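One-letter residues, chain by chain:
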Amino acid sequence: MVASESEANKTPAIGGPVRGSRTGRPIMVLLDLLGRRWALRVLWELRDGRAVTFRELQKLCGGVSASVLNDRLRELREAGVIAADPTGYQLSADGLDLVAALAPLQVWVQRWSD
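Residues numbered from 1 in each chain as written. Predicted model: local features only at pLDDT ≥ 70, side-chain atom pairs only at ≥ 80, totals over all residues. Heavy atoms only, no water.

- In the annotation of an unreviewed UniProt entry, the chain is listed under the name HxlR family transcriptional regulator and assigned to Nocardia tenerifensis.

Here it is in structure tokens:
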């Protein structure tokens, strides 16, 4: 199933249609969110827990346009994965949990790539 243009531009939400799911099951919503361009890179760059300014994050991500970064930050904030304050962007408590939950994939990826 291909999402419509309007679905592709809004933040994935549980219970709403997302790429690959009309029902919006939570796992499908998460996979849609994480599958968006630069989303995983943003999480990767925020993994150490410190606050990072927009410009610093854009530099860390190397090559992401300001508009795409703004979209990803908005979506990740709306999903509760990152937080913003006057010092910049950082992972929320849920974001830290998500990064920890993804960590075992590194073990699998290393084995798979060997």
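Still more to cover.
**Brief notes about the overall build of the chain**
Part 1 of the argument: The number of helices and strands found in the chain is seven helices and two strands.
Part 2 of the argument: Ordered by position in the sequence, the α and β elements of the chain form the string α-α-α-α-α-β-β-α-α.
Part 3 of the argument: Its C-alpha radius of gyration of 15 Å places the chain within 12% of the 13 Å reference for a compact globule of 114 residues.
Part 4 of the argument: For the chain, the proportion of its 114 residues judged to be buried stands at 32%.
Part 5 of the argument: Contacts in the chain between residues at least 24 apart in sequence constitute 43% of all its contacts with a sequence separation of at least 6.
Part 6 of the argument: Accessible surface, the chain as shown: approximately 7,100 Å² in total, 57% of it carbon and sulfur.
Part 7 of the argument: Within the chain, one finds 15 positive and 13 negative side-chain charges whose respective centroids are separated by 4 Å. (Helix = DSSP H or I, 4+ residues; strand = E, 2+ residues; numbered from the N terminus. Rg over C-alpha atoms; globule rule 2.2 N^0.38 Å. Buried < 20%, exposed > 50% of the residue type's maximum accessible area, 1.4 Å probe, protein only. Contact = heavy atoms within 4.5 Å. Areas by Shrake-Rupley, 256 points an atom, 1.4 Å probe, with all protein chains shown as cover. Lys, Arg positive; Asp, Glu negative; His and termini not counted. Charge placed at Lys NZ, Arg CZ, Asp CG, Glu CD.)

**Looking at the side chain of Glu 75**
Part 1 of the argument: Examined against the element boundaries, Glu 75 turns out to sit in helix α5 (residues 66-78).
Part 2 of the argument: Reaching out from Glu 75, the side chain makes a polar contact with the side chain of Arg 36 at a distance of 2.8 Å. (Polar contact = N/O pair within 3.5 Å; in protein donor to acceptor, adjacent residues only side chain to side chain.)

**Some remarks on the nonpolar core**
A general trend in soluble globular proteins is that nonpolar side chains are found buried together.
Part 1 of the argument: Core analysis: the largest hydrophobic core is formed by 19 residues, its most contacted members being Val 42, Leu 57, Leu 73 and Ile 82.
Part 2 of the argument: Breaking this core down by element, the ones donating at least two residues are α2 (26-34), α3 (39-45), α4 (54-61), α5 and β2 (88-91).
Part 3 of the argument: Broken down by element, this core gets its largest block of residues, four residues, from α5.
Part 4 of the argument: In this view, Leu 73 contacts Val 42, Phe 54, Leu 57, Ile 82 and Tyr 89; residues no more than four positions away in its chain are not counted. (Core = buried A, V, L, I, M, F, W, Y, C linked by side-chain atoms within 4.5 Å.)

**Some thoughts on the side chain of Gln 58**
Part 1 of the argument: Examined against the element boundaries, Gln 58 turns out to sit in helix α4.
Part 2 of the argument: The contacts of Gln 58, once residues within four sequence positions are left out, are Val 64, Ser 65, Ala 66 and Leu 69.

**Points about the pattern of salt bridges**
Part 1 of the argument: Using the criterion set out here, one finds nine salt bridges in the structure.
Part 2 of the argument: In this structure, Arg 36 and Glu 75 form a salt bridge, with 2.8 Å as the shortest nitrogen-oxygen distance. Here Arg 36 is found in the loop between α2 and α3, whereas its partner Glu 75 is found in helix α5, with 39 residues between them in sequence. Of the two residues, Arg 36 and Glu 75, neither departs from the other in class, the shared state being buried.
Part 3 of the argument: Among the salt bridges present, the one from Arg 50 reaches Asp 48, with a minimum N-O distance of 3.5 Å.
Part 4 of the argument: One network of salt bridges, in which partners are shared, links Arg 19, Asp 32, Arg 36, Arg 72, Arg 74, Glu 75 and Glu 78. (Salt bridge = Lys/Arg side-chain N within 4 Å of Asp/Glu carboxyl O.)

**Quick word on the packing of aromatic side chains**
Part 1 of the argument: For the coordinates displayed, the defined rule picks out one aromatic pair.
Part 2 of the argument: Ring geometry for Trp 108 against Trp 112: centres 5.4 Å apart, planes inclined by 15°, an arrangement best described as stacked. In this pair, Trp 108 and Trp 112 are both assigned in helix α7 (residues 104-113), four residues apart and thus about one turn of the helix distant.
Part 3 of the argument: The ring of Trp 44 is capped by Arg 47, whose NZ or CZ atom sits 3.8 Å from the centre of that ring. (Phe/Tyr/Trp six-rings, centres within 6.5 Å; stacked < 30°, edge-to-face > 60°. Lys NZ or Arg CZ within 6 Å of the ring centre and 35° of its normal.)

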